[in-house]
Amino acid sequence: AQQSNVTAYGATAVAIISLEAFAGMWINAFLVCVICTAWVKKKTLNSNEKILLLLGCSRFCYLGISWVYSFLSAIYPYYLYVHHILQLLQGAYSFLNSSNFWVSACLCGFYCIKIANFRNSCFIYLKVNIDRIVPWLLLGSEIFSLVIGIFVYDIIDKAVCKNLNFTCQGRFWKATIRIEEHFYPLHFLTGFVYTTAFMAVIFSAVFLLFSLWRHKHKMQTNSMNSLSVDAHIRAMKSILSFFLMYSINFMSLILTLISLTKHLNQVIFLVNLIQHAFPGVHSLILIFSNPKLEKTLLRILSCFKCKVCMK
């Protein structure tokens with residue numbers, strides 16, 4: 001009876017996580033397709049589109065890898081003991097997760113530099129050269145994420161080889177002791193990625209808020225509406241959504257560490273729900289904060305609704 005309850009709980013968890021993952025993959029696939037279509041038509045991409053394109057690709061792949069890992073963990077856990085499967089999944093997961101957060105941080109910094117107005121010479125230099133800096137920032141983010149993925153692969157490979165014994169076939173492993181305590185460096189590394197990206201979001205929000213306050217203070221004597229104020233407000237909404245999402249994910253990391261020490265399956269399930277919902281929800285916020293993407297999405301949804309009504 002207990003085994004059947006565990007199986008039913010795992011199946012329910014996989015069903016909910018699958019719904020979140022596939023919805024998020026659809027949203028990010030839409031984001032990538034629209035930007036690629038614009039790329040083909042214009043033969044070029046601006047800096048904002050480059051960041052969104054890479055962000056959509058990394059989130060689509062992240063949700064795919066994360067869903068595979070969650071599915072195997074809940075339904076076929078022994079498949080994770082096949083040699084190199086666990087290491088490859090965790091390494092790819094860490095690479096894509098780090099890429100997701102660092103590219104998101106680059107998007108926050110881009111909004112801040114592009115929209116905020118300061119007379120500091122360093123800030124002016126960044127503002128003038130931001131379009132040339134963005135590709136290097138994205139390349140650096142991907143290289144850094146790749147290093148983290150390789151490092152995670154190496155950590156798990158050493159931990160697994162130390163704590164799991166080969167069977168006589170040499171293909172599968174049999175667990176001898178719990179190995180969660182050996183994965184603490186992974187959570188420390190994840191915490192480092194979350195914290196640095198979170199700090200970038202906080203600084204971007206503070207600079208934008210201060211720039212908005214200064215601009216509104218100057219516009220108090222002018223009754224005309226300012227496009228700069230509208231741009232500030234739109235950017236602030238996006239960055240505040242970043243701040244909220246990052247806060248929730250940072251709390252999920254803390255919950256993960258608590259669940260490892262207390263062995264709370266319900267907490268792990270809650271963390272999985274949060275981590276699978278974040279890429280889709282945040283990308284949806286980005287779509288609705290971009291007039292072109294929002295218009296395209298609404299047009300597709302209206303066409304789909306008309307076809308459904310005709311049937």
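Residues numbered from 1 in each chain as written. Predicted model: local features only at pLDDT ≥ 70, side-chain atom pairs only at ≥ 80, totals over all residues. Heavy atoms only, no water.

Enquirer: Can you walk me through the confidence of the model for the chain in this structure?
Expert: Interpretation of this model should avoid reading the predicted coordinates in detail wherever pLDDT is low. Looking at the chain as a whole, its pLDDT mean stands at 76, while 73% of the residues score no less than 70. Across the chain, helix 2 (residues 47-74) holds the top mean pLDDT of 89, while strand 2 (residues 173-175) sits lowest at 41. For residues 1-6, every residue scores under 50 in pLDDT, and the model assigns this stretch 0 contacts once sequence neighbours within four places are set aside. (pLDDT = per-residue confidence, 0-100. Helix = DSSP H or I, 4+ residues; strand = E, 2+ residues; numbered from the N terminus. Contact = heavy atoms within 4.5 Å.)

Enquirer: Whenever I open this one, helix 3 (residues 85-115) confuses me. Can you help?
Expert: Structural remark: α-helix, 3.6 residues per turn; residues separated by three or four positions point the same way. Between its terminal C-alpha atoms helix 3 stretches 45 Å, which fits the 45 Å expected from 31 residues at 1.5 Å a residue. Burial runs high along helix 3: 25 of the 31 residues are buried. (Expected span 1.5 Å × (residues − 1). Buried < 20%, exposed > 50% of the residue type's maximum accessible area, 1.4 Å probe, protein only.)

Enquirer: Would you mind going over the packing of helix 2 against helix 3 with me for this structure?
Expert: Two quantities define a packed helix pair, namely the angle between the axes and the distance from one axis to the other. Packing of helix 2 against helix 3 brings their axes to within 8 Å, and their N-to-C directions diverge by 150°. By the angle between their directions, the pair helix 2 and helix 3 is classed as roughly antiparallel. Here helix 2 and helix 3 pass one another in a crossing that is left-handed. (Axes fitted to C-alpha atoms, helices over the stretch in contact; angles between N-to-C directions. Parallel < 35°, antiparallel > 145°, perpendicular 65-115°, else oblique. Left-handed = near helix turned anticlockwise from the far one by under 90°.)

Enquirer: Even after reading the chapter, I still don't get the UniProt feature "transmembrane region" (unreviewed entry) in the chain, so can you show me in this structure?
Expert: UniProt's feature table lists "transmembrane region" (unreviewed entry) at residues 12-40, 52-72, 92-113, 133-156, 192-213, 239-261 and 267-289, given in the numbering used throughout. A helix fraction of 100% and a strand fraction of 0% characterise residues 52-72, whose end C-alpha atoms lie 30 Å from each other. (UniProt positions renumbered as here; feature names shortened; annotations may be inferred.)

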